[in-house]
Amino acid sequence: SEHGRILITGAAGGVGTFLRTGLPEQGWTVRGFDLVTPPDPGPVEWRTGDVGDPAALDEAMQDVDVVIHLAGIPVEDRFERILKTNIDGTYQVFDAAVRNGVPRVLAASSNHAVGYYERADFRDAPIGVDVRPRPDTFYGVSKVFMEAIGSFYADRHGLRVACVRIGSCFAEPRSRRMLDTWLSPADGVRLFHALATAPDLRYEIVYGVSANKTAWWDMEPARRLGFEPQDDSDVFAAQVEAAATDLPDPEDPEYKYLGGRFTTFVPPED
Ligand code: 15L
C-alpha cells in the first residue's frame, strides 16, 4: 500500500475498531492483533494472540512499519492485573518492536496519566504535555510507565515514539465532561495517521482531543506533527446537556479534575 503496514495491538477494542476501519482509507495496510478475532475484522490482516506472548508478537511484527499499541485494560483495575496486562504487556510490545526492527511505535497513553490536575488551574493557559505526571488510578500509573519506557527506548534504541494522551474516543461525547475531552473517531484516525507519517518524530507526548470549543489541553505539539482536528463536540452540546442528570458543580470530581471520576475509582475486589 501507499504508506506501508501498521500493526494495531488491541485492534478488537473501541479505539482499535475505529482505527482499523479508518486507516486503510488513508493508504495503510492494517494488521490487527488481539486476544480474539472480531466478527467484522474489515479489510485487515488478523493475528490472534496475547501481548504477554513474545513469540506471538515476533510473528505479528514481521514486515511492519509502524506499531500502534492500544492493547490493555482500559479502566481502573486491581494492581496485579494492571501490572500484567498494561505494564508488562507494554514492555513486551516495545521490546518486540526493537527486536524485530520496527522503527516506530505510537502508543495509547491517556488523560489519566495526568488526571489529578485541576481545571481551575488552567483557566488562562491550556495544560501542556510537559507537566509532571499526576496519575489518577493504577490504570493512569500504567500510562506513565508507557510514556517512560517509550522515552527510554527512543533514547537507547533510536525507536521513533509518540505517546498519545487520548481524551474520550467514542462515536459521540457521552457526558458533559466529554464535551471537553472528546476525540472523534475520524480525528483519531487523522491523529494516528499524522503521527505514523511525521518525518521528524523522535519522541513526543501529545494530547488527543478534537477541536472542541471547551477543550483545555495544549494541542500545539500534535499540530506540529501534522494533526489538524476537524470535529468539535459543540454539535452535541444541546443533546448532552438535555441528557445530563446532575449540575456542573465545579467541586464535583467529574468537573474538578482532568481525569473526572477516575479520581474516585477504587479497584474492584475479585
Ligand atoms: C480512558 O482512558 C478510558 O480508556 C476510556 O474508557 C474513557 O473513560 C476515557 O479515558 C475518558 O477519560 O473519558
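Residues numbered from 1 in each chain as written. Predicted model: local features only at pLDDT ≥ 70, side-chain atom pairs only at ≥ 80, totals over all residues. Heavy atoms only, no water.

### Brief notes about the site of the ligand
Reasoning step 1: Surveying the vicinity of the ligand reveals the residues Pro74, Ser110, Asn111, His112, Tyr139, Gly167, Ser168, Arg177, Met178 and Phe262.
Reasoning step 2: One of the backbone nitrogen or oxygen atoms of Pro74 is found 2.6 Å away from an oxygen atom of the ligand.
Reasoning step 3: Between the ligand and Arg177 there is a distance of 2.9 Å, counted from an oxygen atom to a side-chain nitrogen or oxygen.
Reasoning step 4: When the ligand sits alone it has 320 Å² of accessible area, and the protein chains cover 82% of it.
Reasoning step 5: For the shell around the ligand, the residue count by class is four nonpolar, five polar and one charged. (Near = heavy atom within 4 Å. Polar contact = N/O pair within 3.5 Å; in protein donor to acceptor, adjacent residues only side chain to side chain. Areas by Shrake-Rupley, 256 points an atom, 1.4 Å probe, with all protein chains shown as cover. Nonpolar A, V, L, I, M, F, W, Y, C, P; charged D, E, K, R; others polar.)

### Here's the deal with the sheet that holds strand E5 (residues 104–110)
Reasoning step 1: Ordered by their spatial adjacency, seven strands build an open sheet running E3-E2-E1-E4-E5-E6-E7, and the pairing between neighbours is parallel. Two strands bound the open sheet, and with one partner strand each, they are strand E3 (45–48) and strand E7 (203–208). Put simply, the sheet's adjacent strands are angled 20 degrees from each other on average, direction ignored.
Reasoning step 2: Docked against the sheet, helix H3 (residues 79–99) engages strand E1 (4–9), strand E4 (66–69), E5 and strand E6 (160–166), running at close to 180 degrees with respect to E4.
Reasoning step 3: Strand contacts of helix H6 (residues 185–197): E1, strand E2 (28–34), E4, E5, E6 and E7, with the helix running at about 145 degrees to E5, the strand carrying the most contacts. (Pairing = 2+ DSSP bridges. Helix = DSSP H or I, 4+ residues; strand = E, 2+ residues; numbered from the N terminus. Axes fitted to C-alpha atoms, helices over the stretch in contact; angles between N-to-C directions. Contact = heavy atoms within 4.5 Å.)

### Description of the pattern of salt bridges
Reasoning step 1: If you walk through the whole model with that rule in mind, you get 19 salt bridges.
Reasoning step 2: Glu147 is the partner of Arg165 in a salt bridge, and the nearest nitrogen-oxygen pair spans 2.8 Å. You can see Arg165 sitting in strand E6 and its partner Glu147 sitting in helix H4 (residues 138–157), a full 18 residues away along the chain.
Reasoning step 3: Judged by its relative accessible area of 1%, Arg165 is buried.
Reasoning step 4: What makes Glu147 buried here is its relative accessible area of 4%.
Reasoning step 5: With its nearest N and O atoms 3.0 Å apart, the salt bridge here joins Arg176 to Asp246. Of this pair, Arg176 sits in helix H5 (residues 176–181) while Asp246 sits in the loop between helix H8 (237–243) and helix H9 (253–256), placing them 70 residues apart in sequence.
Reasoning step 6: Look at the salt bridges and you will find they share partners, linking Arg176, Glu241, Asp246, Asp252, Glu254 and Arg261 into a network. (Salt bridge = Lys/Arg side-chain N within 4 Å of Asp/Glu carboxyl O. Buried < 20%, exposed > 50% of the residue type's maximum accessible area, 1.4 Å probe, protein only.)

### What to know about the side chain of Asp187
Reasoning step 1: With respect to the helices and strands, Asp187 occurs in helix H6.
Reasoning step 2: Side-chain polar atoms of Asp187 contact the backbone nitrogen of Gln230, separated by 2.8 Å.
Reasoning step 3: The contact partners of Asp187, leaving out residues within four places of it in the chain, are Ser210, Ala211, Phe227, Glu228, Pro229, Gln230 and Asp231.

### Quick look at the nonpolar core
Reasoning step 1: Counting 67 residues, the largest nonpolar core has Ile8, Leu23, Met61, Ile68, Phe94 and Leu106 as the members making the most contacts within it.
Reasoning step 2: Considering every element that reaches this core, the biggest residue donor is H6, with six residues.
Reasoning step 3: Beyond its immediate sequence surroundings of up to four residues, Ile68 is in contact with Ile6, Leu7, Ile8, Thr9, Leu19, Leu23, Leu106 and Phe192.
Reasoning step 4: Counting residues in each nonpolar core, the second largest holds five residues, with Ile73, Ile82, Ile87 and Phe262 among its members. (Core = buried A, V, L, I, M, F, W, Y, C linked by side-chain atoms within 4.5 Å.)

### Details of the environment of Thr21
Reasoning step 1: You can see Thr21 is positioned in helix H1 (residues 14–22).
Reasoning step 2: Relative accessible area serves as the criterion here: at 45%, Thr21 is assigned to the partly exposed category.
Reasoning step 3: C-alpha separation for the pair Thr21 and Val44, spaced 23 residues apart in sequence, amounts to 8.6 Å.

### A word on H6
Reasoning step 1: Relative to the 18 Å expected for 13 residues at 1.5 Å per residue, H6 spans 19 Å between its end C-alpha atoms, a close match to the ideal helical length.
Reasoning step 2: With respect to burial, H6 is a largely interior element, 10 of its 13 residues being buried.
Reasoning step 3: By the burial criterion, the buried members of H6 are Pro185, Asp187, Gly188, Val189, Leu191, Phe192, His193, Ala194, Leu195 and Ala196. (Expected span 1.5 Å × (residues − 1).)

### Section: the packing of aromatic side chains
Reasoning step 1: With the rule as written, the count across this model stands at 10 aromatic pairs.
Reasoning step 2: Between Phe152 and Tyr153 the ring centres are 5.4 Å apart and the planes differ by 65 degrees, which places this aromatic pair in the edge-to-face class.
Reasoning step 3: Residue Tyr153 is classed as buried on the basis of its relative accessible area of 6%.
Reasoning step 4: Taken together, the aromatic side chains of Phe94, Phe152 and Tyr153 make up a single cluster linked through ring pairs.
Reasoning step 5: Over the aromatic face of Tyr117 sits the side chain of Arg134, whose NZ or CZ is 4.9 Å from the ring centroid. (Phe/Tyr/Trp six-rings, centres within 6.5 Å; stacked < 30°, edge-to-face > 60°. Lys NZ or Arg CZ within 6 Å of the ring centre and 35° of its normal.)

Just geometry here; none of it tells us what the structure is for.
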